[in-house]
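# Summary of structural features
Take a look at the letters that make up each chain.
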Amino acid sequence: MSVLIVTGTDTEVGKTVVTAAIAAIAVEHGHRVAVIKPAQTGVSDGEPGDVDVVRGLAGEITTRELRRYPDPLAPDTAARRSGIEYVTPAEVAEAAADLNASHDLVLVEGAGGLLVRLDDKGGSMADVAWSLAAPVVVVARAGLGTLNATALTAEVATRRGLNVAGVVVGSWPAEPGLAEICNVTDLPVVAGAPLLGLLDEHIGELSPGGFLAAAERGLSPWFGGRFDPELFAAGLPNPDLGTPL
């Protein structure tokens, strides 16, 4: 697990919080961790970006932001509008390989979904994952609509020869409804990969100590946490029995 690609089924699904949670547990276990954000969009110079959020939650890590674009758009569009150089999959892969030589774990957090274009040639995080032979962690929504988006992401990843390590729900609501409860069982089925975690909503607002504890509860032993999807599902209302929610 030396390099991991953290992608999403869409934007605003919790990729940064998931990246921070994985990093926080790794740091707690004594690992040297690096986080790369290939393209930070929608943030101006001097403003904190995703790597700053991760560092604030996870602690002592190495961070590298390769390109920053002010417009909140897909990286290729934001680059074209700003006149700032595109970031290419080859550049991202080179940065990850460089950091991998001196770190135990390198996390590469994408922008939006797996096929969001990074440059004018159509390069994407899928190309980065393929060139590094790195497993992909898919961050998904909890509720209605997530099954299709997760299935599409997993299918295209598999068709491109990528290894989907599993799915993490980036924001699990305090009061889940019927769709969320059913999705705990259905997400790993449509992804063809295990459910590796459910992170509670708003954990990014916790102190670093509280965040670490929540990360350990919400992520599976694959990341060093304690989350067990079967035990979690057993504690939820049974939708097949029509239990009132």
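Summary of the structure given here. In this text the structure is predicted, and so the values were computed from the model without any measurement.

Moving on: the overall build of the protein. Secondary structure assignment for the protein yields 9 helices and 7 strands. For 245 residues, the compact-globule formula gives about 18 Å, and the C-alpha radius of gyration of the protein, at 17 Å, lands near that figure. Overall, the protein is about 55 × 35 × 30 Å in size when its C-alpha atoms are taken along their principal axes. Of all 245 residues assigned to the protein, the portion counted as buried reaches 49%. Counting every atom, the protein has about 11000 Å² of accessible surface; 52% of that belongs to carbon and sulfur.

Pairing is parallel in the open sheet, where 7 strands are placed in the order β3-β2-β4-β1-β5-β6-β7. Of all strands in the sheet, those bounded by a partner on one side alone are β3 (62–69) and β7 (195–200). The sheet shows a mean angle of 20 degrees between the axes of neighbouring strands, direction not considered. When strand β1 (residues 3–8) meets strand β4 (residues 105–113), the two strands line up parallel, connected through 5 bridges. Residue pairing across strands places Gly8 opposite Gly113, the latter belonging to β4. Relative to the sheet, helix α5 (residues 125–132) contacts β1, β2 (33–41), β4 and β5 (136–140), its axis offset from that of β1 by approximately 160 degrees.

Here we come to the side chain of Arg67. Inspection of the secondary structure assignment puts Arg67 in strand β3. A relative accessible area of 11% places Arg67 in the buried class. Ignoring anything within four residues of it in the chain, the contact list for Arg67 reads Lys37, Pro38, Ala39, Gln40, Ile84, Glu85, Tyr86, Val87 and Glu91.

Rules behind the numbers
Residues numbered from 1 in each chain as written. Predicted model: local features only at pLDDT ≥ 70, side-chain atom pairs only at ≥ 80, totals over all residues. Heavy atoms only, no water. Helix = DSSP H or I, 4+ residues; strand = E, 2+ residues; numbered from the N terminus. Rg over C-alpha atoms; globule rule 2.2 N^0.38 Å. Buried < 20%, exposed > 50% of the residue type's maximum accessible area, 1.4 Å probe, protein only. Areas by Shrake-Rupley, 256 points an atom, 1.4 Å probe, with all protein chains shown as cover. Pairing = 2+ DSSP bridges. Axes fitted to C-alpha atoms, helices over the stretch in contact; angles between N-to-C directions. Contact = heavy atoms within 4.5 Å.

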